[in-house]
Number of protein chains: 2
Amino acid sequence: MGRPKQERAVHTRELLVDAAAGVFDENGFAGASINKILSRAGVTAGAMYFHFRSKADLARAVIHEQSSRLAIPEKPGGIQQLIDLTMYLTGQFTCNVRFRAGVRLAVEQGESGLHDYTAYRWWIKTFERELVAARERDELLPGVQESSFARFVVASYTGTQVMSDIATARADLPEQVVAMWRYLLPSVVPPVSLTSYVIDPARKDLITV
Amino acid sequence: MGRPKQERAVHTRELLVDAAAGVFDENGFAGASINKILSRAGVTAGAMYFHFRSKADLARAVIHEQSSRLAIPEKPGGIQQLIDLTMYLTGQFTCNVRFRAGVRLAVEQGESGLHDYTAYRWWIKTFERELVAARERDELLPGVQESSFARFVVASYTGTQVMSDIATARADLPEQVVAMWRYLLPSVVPPVSLTSYVIDPARKDLITV
């Protein structure tokens, strides 16, 4: 007995998003073709057009679903968990194709012409939850605005990641994210608490759902 | 009497880099063609191949020469001048095609496959000169490393600019760069001097060579 129709459709869609992520990751947006994606997914054109109208549509799905294979903590934990989360993301660039391709497509939107801010908005909200928890725990200085600081963490992480990719194929990303936090933390937490936070790439392994 | 041969060659090269910047700005790397660039420059293919072997070569020139039409202060001036310089760059995105196209190509290198860090290195050095001047003027906290902080300013400006471009076609870039400095300054200057710096997009007009 086959799987119910709806379950098969969900499965096909997942196959397509993963195949698209792989092909965009290896070839970029312009270099990717629908045929390459179909052959990698093992899906017919007809089945694809049920879910996606175009290559741009597939790219949008990879951008929007870049976080769907990540372990994002359900319970926000404040500043330390936000630091650890950025370390976890740094590690994911090496092994999580959906995340890597989604981030790259989200950055290189001049090339695809997508103008899609959804993924950035999602990351700002995700980081903001940690900062709201930080505020409740009295971890933040009075003047810090949770949403604007969340936006700036996303922006500085984005720029750090782009430069590390070009300079070292992201080999130095862990140390650059450490440097990022050394320059961000003093502006947002009280001086007395500064040394209580651990800025360590190895803490990526502490992130679980 | 015509211009000397060498002067003509320099002129042709400048025409080509400007035409390439315009075509990359409007069409992206993949969408740009050598024919479009030649017709905009009013230059023959033969004259182009004397200077550039390929579209990638032209893109590299636009990346490397993104700052050649900018007014970069000859004399470094410290923290205030670094803030003003970032405000000046923010204004240049609207009017300086070579800068805008060069920055975009430098960011979207996954698409072009260039892996060229030259422009980032140049900006780090340019910002570092201001920070070395800042150190000489006793403007920096003891723990701040000029080169690593210069790198982080370039990274956070890059991410801020990418996100502002996607979210608002850079309409909110001035206010986002103000927010950037509100989160950067407290980490690098002594608390007593914090209010002596002016973070104001209008100061872009103070930058001259």
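Every chain is numbered independently, its residues counted from 1 as its sequence is written. Chain A is the first chain written and ligand 1 is the first ligand written, with later ones labelled in order. Residue-level local features of this predicted model are given only where pLDDT is at least 70; pairs of side-chain atoms are given and counted only at 80 or more, and the full residue set underlies all totals for whole chains, interfaces and linings. Each side-chain value is worked out from all heavy atoms of the structure, with water and hydrogens disregarded.

- Under the annotation held in an unreviewed UniProt entry, chain A carries the name TetR/AcrR family transcriptional regulator and is attributed to Streptomyces boncukensis.

1. Some thoughts on helix H2 (residues 34–41) of chain B
Residues and elements named next belong to chain B.
Okay, step 1: Among all positions of H2, only Ile-37, Leu-38 and Ala-41 are buried. Buried residues of H2, viewed axially, fall in a sector of 100°; they line one side. Seen from the open side of H2, the exposed residues pointing more than 90 degrees away from its buried face are Asn-35 and Ser-39.
Okay, step 2: In this analysis, two residues are considered to be in contact whenever any of their non-hydrogen atoms come within 4.5 Å of each other. Numbering of helices and strands runs from the N terminus, with a helix taken as a DSSP run of H or I at least four residues long and a strand as a DSSP run of E at least two residues long. For H2, the elements touching its buried residues are helix H1 (5–31), helix H3 (45–51) and helix H4 (55–64). Each residue is assigned to one of three classes by its accessible area relative to the maximum for its type, calculated with a 1.4 Å probe on protein chains only: buried under 20%, partly exposed between the two thresholds, exposed over 50%. This arc corresponds to the set of directions leading from the helix axis out to the C-beta atoms.

2. What about the packing of helix H1 (residues 5–31) of chain A against helix H4 (residues 55–64) of chain A?
When two helices pack together, their arrangement is given by the angle between the helix axes and the distance between those axes.
All names here are of chain A.
Okay, step 1: Helix axes are fitted to C-alpha atoms over the stretch in contact, other axes to C-alpha atoms as well, and angles between N-to-C directions run from 0 to 180 degrees. In the contact formed by H1 and H4, the axes pass within 9 Å of each other and the chain directions differ by 100°. With respect to H4, the axis of H1 lies roughly perpendicular. Contact residues: Arg-13, Leu-16, Val-17, Ala-20, Ala-21, Phe-24, Phe-29 and Ala-30 in H1; Lys-55, Ala-56, Leu-58, Ala-59, Ala-61 and Val-62 in H4.
Okay, step 2: Looking at the contact of H1 with H4 residue by residue, the class counts come to 12 nonpolar, no polar and two charged. An angle below 35 degrees is read as roughly parallel, one above 145 as roughly antiparallel, one from 65 to 115 as roughly perpendicular, and any other as oblique. Just so you know the grouping, Ala, Val, Leu, Ile, Met, Phe, Trp, Tyr, Cys and Pro go in nonpolar, Asp, Glu, Lys and Arg go in charged, and all remaining residues, Gly too, go in polar.

3. A short note on the interface of chain A and chain B
Okay, step 1: Each partner contributes to the interface: chain A provides 41 residues, whereas chain B provides 41 residues.
Okay, step 2: Summed over both partners, the accessible surface that disappears when two parts come together, traced with a 1.4 Å probe, is what is meant by buried area. For the pairing of chain A and chain B, the buried interface totals around 3,300 Å² over both sides, and the portion due to carbon and sulfur atoms is 64%.
Okay, step 3: Salt bridges are identified by distance alone: a Lys or Arg side-chain nitrogen within 4 Å of an Asp or Glu carboxyl oxygen. There are two salt bridges connecting chain A and chain B.
Okay, step 4: Here a polar contact means two N or O atoms within 3.5 Å. Within protein one must be a hydrogen donor candidate and the other an acceptor candidate, and residues neighboring in sequence count only if both atoms are side-chain atoms. For the interface between chain A and chain B, the tally reads 23 residue pairs in polar contact (both at pLDDT 80 or more).
Okay, step 5: Elements with a minimum of two residues in the side of chain A that touches chain B: H1, helix H6 (97–107), helix H7 (109–112), helix H8 (118–136), helix H9 (146–168) and helix H10 (173–188) of chain A.
Okay, step 6: Here the side of chain A that touches chain B takes 15 residues from H9(A), the largest share from any one element.

4. Quick notes on the relation of the copies chain A and chain B
Okay, step 1: C-alpha atoms of residues with pLDDT of at least 70 in both copies form the basis for the least-squares superposition of the copies. In screw terms, the move from chain A to chain B is a rotation of 180° and a rise of 0.0 Å along the axis, fitting with an RMSD of 0.0 Å. Such a turn and shift between the copies fits a two-fold axis.
Okay, step 2: Here 100% of the contact residues of chain A are again contact residues in chain B; the copies associate through an equivalent surface.

5. Describing the packing of helix H5 (residues 79–95) of chain B against helix H10 (residues 173–188) of chain B
All names here are of chain B.
Okay, step 1: Their axes nearest at 10 Å, the elements H5 and H10 cross at an angle of 155°. With respect to H10, the element H5 is oriented roughly antiparallel. Judged by the sense of rotation from one axis to the other, the crossing of H5 with H10 is right-handed. Packed against H5, whose contacting residues are Ile-79, Leu-82, Ile-83, Thr-86, Met-87, Thr-90 and Phe-93, the element H10 presents Leu-173, Pro-174, Val-177, Val-178, Met-180, Trp-181 and Leu-185 at the interface.
Okay, step 2: Of the residues in the contact of H5 with H10, the class split is 12 nonpolar, two polar and no charged. Handedness of a crossing is defined here by the sense of rotation of the near helix relative to the far one, left-handed for an anticlockwise turn of less than a right angle and right-handed for a clockwise turn.

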